[in-house]
Amino acid sequence: MGKLQALDLLTRVFIPRAGVTHAGAEGEIGSVCAAIEELDLEGNPLGGWPDVLSIASELPKLSWLGLNDLRLDPLDALPANFARGLGGLRALCLNGTGMPWAQLQLIAGGLPELEELHFNGNGVSSLAPVATAPGGALPLSRLVTLFIEDNELSSWDEVSHLQNLEKLQVPRRRRHH
């Protein structure tokens, strides 16, 4: 019982490429380790958004989620449980997912607390807002940090689409001694 009790103290869980294929029985994760704040599921062969949402919805303190190298089927609309599972995220890693920028914008509409986004290596060539965005604005109003390296942006003009992200900051360069 001592080992099981220790799981409820976990706040950071990193299980990249661990062969996780599904969420497990409903309530199982939350009953054992609901204190998780940071979860890295990179490269696991999960069944897609339903499994991600099932896992995240059992973690009420989740604020950082790593989904790098996961293949997530495109969504036409946000599922009903999206806000419950991911609405409190402050950081999301979607590197190497192949997700289009338009799909990210749909998802970002359900992430009102998002401050940090890692979106590297997704083959994105345009950062333009989707045509349906109100006022032509990107739905990332709280974003402070954005990583978009290793995409296929062909022009600096694409970066101008980020101008309405008023909280976006340029990190200070570290000095090397």
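All values derive from a computational prediction rather than experimental measurement.

Cut-off values and rules
- Residues numbered from 1 in each chain as written.
- Predicted model: local features only at pLDDT ≥ 70, side-chain atom pairs only at ≥ 80, totals over all residues.
- Heavy atoms only, no water.
- Core = buried A, V, L, I, M, F, W, Y, C linked by side-chain atoms within 4.5 Å.
- Buried < 20%, exposed > 50% of the residue type's maximum accessible area, 1.4 Å probe, protein only.
- Helix = DSSP H or I, 4+ residues; strand = E, 2+ residues; numbered from the N terminus.
- Contact = heavy atoms within 4.5 Å.
- Pairing = 2+ DSSP bridges.
- Axes fitted to C-alpha atoms, helices over the stretch in contact; angles between N-to-C directions.

### Focus: the nonpolar core
(1) Moving on: In this structure, Trp49, Leu65 and Leu67 are the most contacted members of the largest nonpolar core, which totals 43 residues.
(2) Moving on: Mapped by element, the contributors of at least two residues to this core are α2 (28-33), α3 (49-56), α4 (82-86) and α5 (101-108).
(3) Moving on: Of all the elements, α3 adds the most residues to this core, at five residues.
(4) Moving on: When near neighbours in sequence (up to four residues on either side) are disregarded, Leu67 contacts Leu41, Trp49, Val52, Leu72, Leu92, Cys93, Leu94 and Thr97.

### Observations concerning the sheet that holds strand β2 (residues 38-40)
(1) Moving on: The strand order across the open sheet formed by six strands is β1-β2-β3-β4-β5-β6, and the pairing between neighbours is parallel. In this open sheet, the two strands that pair with only one neighbour each are β1 (12-14) and β6 (145-147). Pairwise comparison of adjacent strand axes, ignoring direction, gives a mean angle of 0° for this sheet.
(2) Moving on: As judged from the three bridges shared by strand β3 (residues 64-66) and strand β4 (residues 91-93), these two strands associate in the parallel manner. Its bridge partner lying in β4, Leu65 is registered against Leu92.

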